[in-house]
Amino acid sequence: MVTTDVNNEIEIKPLYDIESGTWTYLLLEKSTKQAVLIDPVLEKLERDLDYLVSMGFQLVATIETHMHADHITAAGELRDQTGCEAYAPHLSGAECATHFLKDKDVLQIGKLYLEVIHTPGHTPCSISLLLNGKYVFTGDALFVRGCGRTDFQGGSAEELYNSITNKLFQLPNDTVVFPGHDYKGFVSTTIGEEKNWNPRIAKKSLEEFKSIMDNLNLPEPKKIHEAVPANRACGKVV
């Protein structure tokens, strides 16, 4: 799936990592031939670089939506190889980052306008990114018919409920949602769909949501002990 803005000025290209179920998003600014990667995966470094080179785009920034526990970021390697900037959320602990993003910050690259929405709950530092007021990259806050877990890394079901209902669900219903993960074969959804049909949170009270999240009984991510310290070092395995 490729999403082209109605004015044909930007493109969104979702790139998938099967092992971790991670979506990386390549944002292309067509007039300047500049590109942004959201949540790049280390094992997909060469794929992503080859893709950019083949299209003649320059990578100018990587952005992390949170500190990932299931994969290692390619941010550091991409910065070394391309000279791009590495953005990470405020409170992420990623001291290696070039810049830190706080709630309501705006990052502009040509016709790409990215507004930061602090959406804690999966982790305290989690952010979502609203692109041109039309598309939102929700990291591990909101999935297609699901949401991120809240049982480790300082997670909080109450904070996630507030992030989704009081921030993400306040966006227009036709806002296109691009999640950080998918395990069922979905690429995107809309705010309106999730407000109506997300089984974990649609029309649920806080207590109902907390009960659901407290009883997921999910296994620990396989790479958590390796990934978290590496991601605090921008993917440099330590």
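The rules behind these values
Residues numbered from 1 in each chain as written. Predicted model: local features only at pLDDT ≥ 70, side-chain atom pairs only at ≥ 80, totals over all residues. Heavy atoms only, no water. Phe/Tyr/Trp six-rings, centres within 6.5 Å; stacked < 30°, edge-to-face > 60°. Helix = DSSP H or I, 4+ residues; strand = E, 2+ residues; numbered from the N terminus. Pairing = 2+ DSSP bridges. Disulfide = S-S within 2.5 Å. Buried < 20%, exposed > 50% of the residue type's maximum accessible area, 1.4 Å probe, protein only. Axes fitted to C-alpha atoms, helices over the stretch in contact; angles between N-to-C directions. Parallel < 35°, antiparallel > 145°, perpendicular 65-115°, else oblique. Left-handed = near helix turned anticlockwise from the far one by under 90°. Contact = heavy atoms within 4.5 Å. Nonpolar A, V, L, I, M, F, W, Y, C, P; charged D, E, K, R; others polar. Core = buried A, V, L, I, M, F, W, Y, C linked by side-chain atoms within 4.5 Å. Polar contact = N/O pair within 3.5 Å; in protein donor to acceptor, adjacent residues only side chain to side chain. Salt bridge = Lys/Arg side-chain N within 4 Å of Asp/Glu carboxyl O. 1 Å grid on protein atoms, 1.4 Å probe; cavity = no way out; pocket = protein on both sides within 12 Å on 5 of 7 lines; lining within 4 Å. Points joined across faces, edges and corners; volume = space filled by probe spheres on them.

A. Structural view of the packing of aromatic side chains. Taken as a whole and judged by the stated rule, the model has 7 aromatic pairs. Arranged with centres 6.4 Å apart and planes meeting at 40°, the rings of Tyr 135 and Phe 178 form a pair that is tilted. Pair noted here: Tyr 135 is in strand S11 (residues 135–137) and Phe 178 is in strand S14 (residues 176–178), with a separation of 43 residues, a long-range link.

B. Expanded view of the sheet that holds strand S8 (residues 106–109). Across the sheet, 6 strands lie side by side as S8-S9-S10-S11-S14-S15; this open sheet has mixed pairing. Among the strands making up the open sheet, the edge pair consists of S8 and strand S15 (189–190). As judged from the 2 bridges shared by S14 and S15, these two strands associate in the antiparallel manner. The residue of S15 that forms the bridge with Val 176 is Thr 190.

C. Quick peek at the environment of Ile 18. Structurally, the position occupied by Ile 18 is in the loop between strand S2 (10–17) and strand S3 (22–29). Distance from Ile 18 to Tyr 183, taken between C-alpha atoms, is 8.9 Å for residues 165 residues apart in sequence.

D. Structural detail: the state of the cysteines. In total, this model carries 1 disulfide according to the counting rule given. As a non-bridged cysteine, Cys 84 has Cys 234 as the owner of its nearest cysteine sulfur, 9.9 Å distant. In this structure Cys 147 is not part of a disulfide, and its nearest cysteine sulfur, from Cys 125, lies 17 Å away. For Cys 147, a relative accessible area of 4% puts it in the buried group.

E. Representation of the packing of helix H3 (residues 157–166) against helix H5 (residues 206–214) in the model. At their nearest, the axes of H3 and H5 sit 9 Å apart, and the two run at 125° to each other. The angle between the axes of H3 and H5 places the two elements in the oblique class. When the axes of H3 and H5 are compared, the crossing they make is right-handed. Counted together, Ala 157, Glu 158, Leu 160 and Tyr 161 of H3 and Leu 206, Phe 209, Lys 210 and Met 213 of H5 form the full contact between these two elements. Looking at the contact of H3 with H5 residue by residue, the classes come out as 6 nonpolar, no polar and 2 charged.

F. Fine view of the nonpolar core. Ranked by size, the top nonpolar core spans 23 residues in total, and within it Leu 27, Leu 131 and Phe 137 carry the most contacts. Every element with two or more residues in this core is listed here: S2, S3, strand S4 (34–38), strand S5 (58–63), S8, strand S9 (112–118), strand S10 (127–131) and S11. Setting aside chain neighbours within four positions, we find Phe 137 in contact with Ile 12, Tyr 25, Leu 27, Ile 38, Ile 127, Ser 128, Leu 129, Leu 131 and Phe 178. Ala 157, Leu 168, Phe 169 and Ile 201 belong to the second largest nonpolar core, which has 18 residues in total.

G. A look at the side chain of Lys 13. Structurally, Lys 13 is set in strand S2. The class for Lys 13 is buried, based on a relative accessible area of 10%. Among the polar contacts made by the side chain of Lys 13, one reaches the side chain of Glu 11 at a distance of 3.3 Å.

H. Looking closely at the pattern of salt bridges. Counted according to the given criterion, the structure contains 7 salt bridges. For the salt bridge of Lys 13 with Glu 11, the shortest nitrogen-to-oxygen distance reads 3.3 Å. For Asp 151, the salt bridge goes to Arg 149, with nearest N and O atoms at 2.7 Å. Three or more residues are tied together by salt bridges with common partners; here these are Glu 11, Lys 13 and Lys 30.

I. View of empty space enclosed by the protein. A full pass over the atoms with the stated rule returns 1 cavity of 30 Å³ or more. In this structure, the largest cavity is lined by Thr 62, Glu 64, Thr 73, Ala 75, Ala 86, Tyr 87, Ala 88, Ala 97, Asn 231 and Cys 234. The element best represented in the lining of the largest cavity is strand S6 (residues 85–89), accounting for 3 residues. Along the lines of polarity and charge, the residues of the lining of the largest cavity split into 6 nonpolar, 3 polar and 1 charged.

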